[in-house]
Amino acid sequence: MNIKKYFSNNTAILTIICINLIVFIAINAFPNLREILLLNADPKIMLEKPWTLFTVFFSHELLIHILLNMVLVFIFGTELYKETNAKVVYLVYILCGFIGSLSIFIYAPLIGYNGGLIAGASAAAFGIVATYVILQPNTMILGSKAKYWLIALFIVNAILTIRDPLVSVGGPAHAVGIIVGLLLGLLLKKKQVAKSGNE
């Protein structure tokens, strides 16, 4: 694969991945940025830093975390881009990430979470997977149908959340990302059907 040629025709995925990588390097090089970019589950603090509802899903602290999320964005985001366009990829990523961020403020108080700052793009990445699955559920990706990858993500996320809710405080946000992604996929599919019916 010609990587340069590939990314020149896939700028949405390149942009999302590059922003995540830059923020990851910055946070690890300058730990004080955590307070500026990561999400605090305390609504009062969030209201003082409302931008963190967005910056959180471009932020990672652990290498394994960013690798897993960016692999999902790269693989499923690329397929979603082929089915739609760059605007849709950006929209899905941002909406799923943002609504996932908001769900933290419902779930965290229920479990008495006070574990500090939250980072990660999982809700956004999972949302991209879900949106693509609605459009092409049976497409083979890495030896398995797309829909089975989504089911696996949901089950693993549920198990981790149930086993230790305080550690996996983002678990419900990930699930919300999936739900929002599914709804966006249904809207896109309906639009595609309507368009094909008018041709």
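Residues numbered from 1 in each chain as written. Predicted model: local features only at pLDDT ≥ 70, side-chain atom pairs only at ≥ 80, totals over all residues. Heavy atoms only, no water.

> Tell me about the overall build of the protein, and please be specific about residues and values.
Regarding its fold elements, the protein presents ten helices and four strands. Going from the N terminus to the C terminus, the protein shows its helices and strands as α-α-α-β-α-α-α-α-β-α-β-β-α-α. Over its C-alpha trace the protein gives a radius of gyration of 17 Å, about what one expects of a compact globule, namely 16 Å for 199 residues. C-alpha extents for the protein along the principal axes are approximately 55 × 35 × 30 Å. By the burial criterion, 43% of the 199 residues in the protein qualify as buried. The long-range share in the protein, meaning contacts at least 24 apart out of those at least 6 apart in sequence, stands at 77%. Put simply, the protein shows about 10,800 Å² of open surface, and 71% of that area lies on carbon and sulfur atoms. (Helix = DSSP H or I, 4+ residues; strand = E, 2+ residues; numbered from the N terminus. Rg over C-alpha atoms; globule rule 2.2 N^0.38 Å. Buried < 20%, exposed > 50% of the residue type's maximum accessible area, 1.4 Å probe, protein only. Contact = heavy atoms within 4.5 Å. Areas by Shrake-Rupley, 256 points an atom, 1.4 Å probe, with all protein chains shown as cover.)

> Outline unusual backbone geometry, listing residues and values.
One non-glycine residue, Leu142, lies in positive phi territory at about 50°. Here Leu142 is to be found in the loop between β3 (140-141) and β4 (144-145). Overall, the relative accessible area of 65% leaves Leu142 in the exposed class.

> Account for the environment of Ser59, naming residues and giving values.
Within the element layout of this structure, Ser59 appears in the loop between α5 (52-55) and α6 (63-83). Judged by its relative accessible area of 1%, Ser59 is buried. Setting aside residues up to four positions removed in sequence, Ser59 forms contacts with Asn20, Val23, Ile27, Leu37, Leu38, Ala119, Gly120 and Ala121. Among the polar contacts listed, one links the side chain of Ser59 to the backbone oxygen of Thr55, at a separation of 2.6 Å. (Polar contact = N/O pair within 3.5 Å; in protein donor to acceptor, adjacent residues only side chain to side chain.)

> So what's going on with the packing of aromatic side chains? Which residues, and what values?
What the rule picks out here adds up to six aromatic pairs. Summarising the aromatic geometry, the rings of Phe57 and Phe58 are spaced 5.3 Å apart at their centres and angled 40° between planes, so their arrangement reads as tilted. Here Phe57 matches Phe58 in class, with each residue buried. Ring centres of Phe57 and Tyr93 lie 5.9 Å apart, and the angle between their planes is 70°; this geometry places the pair in the edge-to-face category. Of this pair, Phe57 sits in the loop between α5 and α6 while Tyr93 sits in helix α7 (residues 86-110), placing them 36 residues apart in sequence. When its relative accessible area of 2% is taken as the criterion, Phe57 is described as buried. Judged by its relative accessible area of 0%, Tyr93 is buried. Taken together through their ring pairs, the aromatic side chains of Phe54, Phe57, Phe58, Tyr93 and Phe98 make up a single cluster. (Phe/Tyr/Trp six-rings, centres within 6.5 Å; stacked < 30°, edge-to-face > 60°.)

> Quick one: what's the story with the side chain of Asn69, residue by residue and with numbers?
Turning to its location among the elements, Asn69 is positioned in helix α6. Only 3.0 Å separates the side chain of Asn69 from the side chain of His60, close enough to count as a polar contact. Within the structure, the side chain of Asn69 is placed 3.1 Å from the side chain of Ser122, a separation counted as a polar contact. Leaving out residues up to four positions away in the same chain, Asn69 has contacts with His60, Ala121, Ser122, Ala125 and Phe126.

> An account of the environment of Ile99 is requested, with residue identities and associated values reported.
With respect to the secondary-structure elements, Ile99 resides in helix α7. The partly exposed category is assigned to Ile99, whose relative accessible area is 31%. Taking C-alpha positions, Ile99 is 9.9 Å from His174, a pair spaced 75 residues apart along the chain. Setting aside anything within four residues of it in sequence, one finds Ile99 in contact with Val176 and Val180.

> I'd like a description of the confidence of the model for the protein, backed by residues and values.
Per-residue confidence for the protein gives a mean pLDDT of 91, with 94% of residues at or over 70. The element-level mean pLDDT for the protein is lowest in helix α1 (residues 3-8), coming to 56, with helix α8 (residues 122-135) highest at 97. (pLDDT = per-residue confidence, 0-100.)

> Which residues make up the packing of α8 against helix α9 (residues 146-163), and what values do they have?
Running from N to C, α8 and α9 cross one another at 145°; their axes reach a closest spacing of 9 Å. Considering the relative orientation of α8 and α9, their crossing is left-handed. Residues Phe126, Val129, Ala130, Tyr132 and Val133 of α8 pack against Ala146, Lys147, Leu150, Leu153 and Asn157 of α9. A breakdown of the residues in the contact of α8 with α9 according to their chemical character gives eight nonpolar, one polar and one charged. (Axes fitted to C-alpha atoms, helices over the stretch in contact; angles between N-to-C directions. Left-handed = near helix turned anticlockwise from the far one by under 90°. Nonpolar A, V, L, I, M, F, W, Y, C, P; charged D, E, K, R; others polar.)

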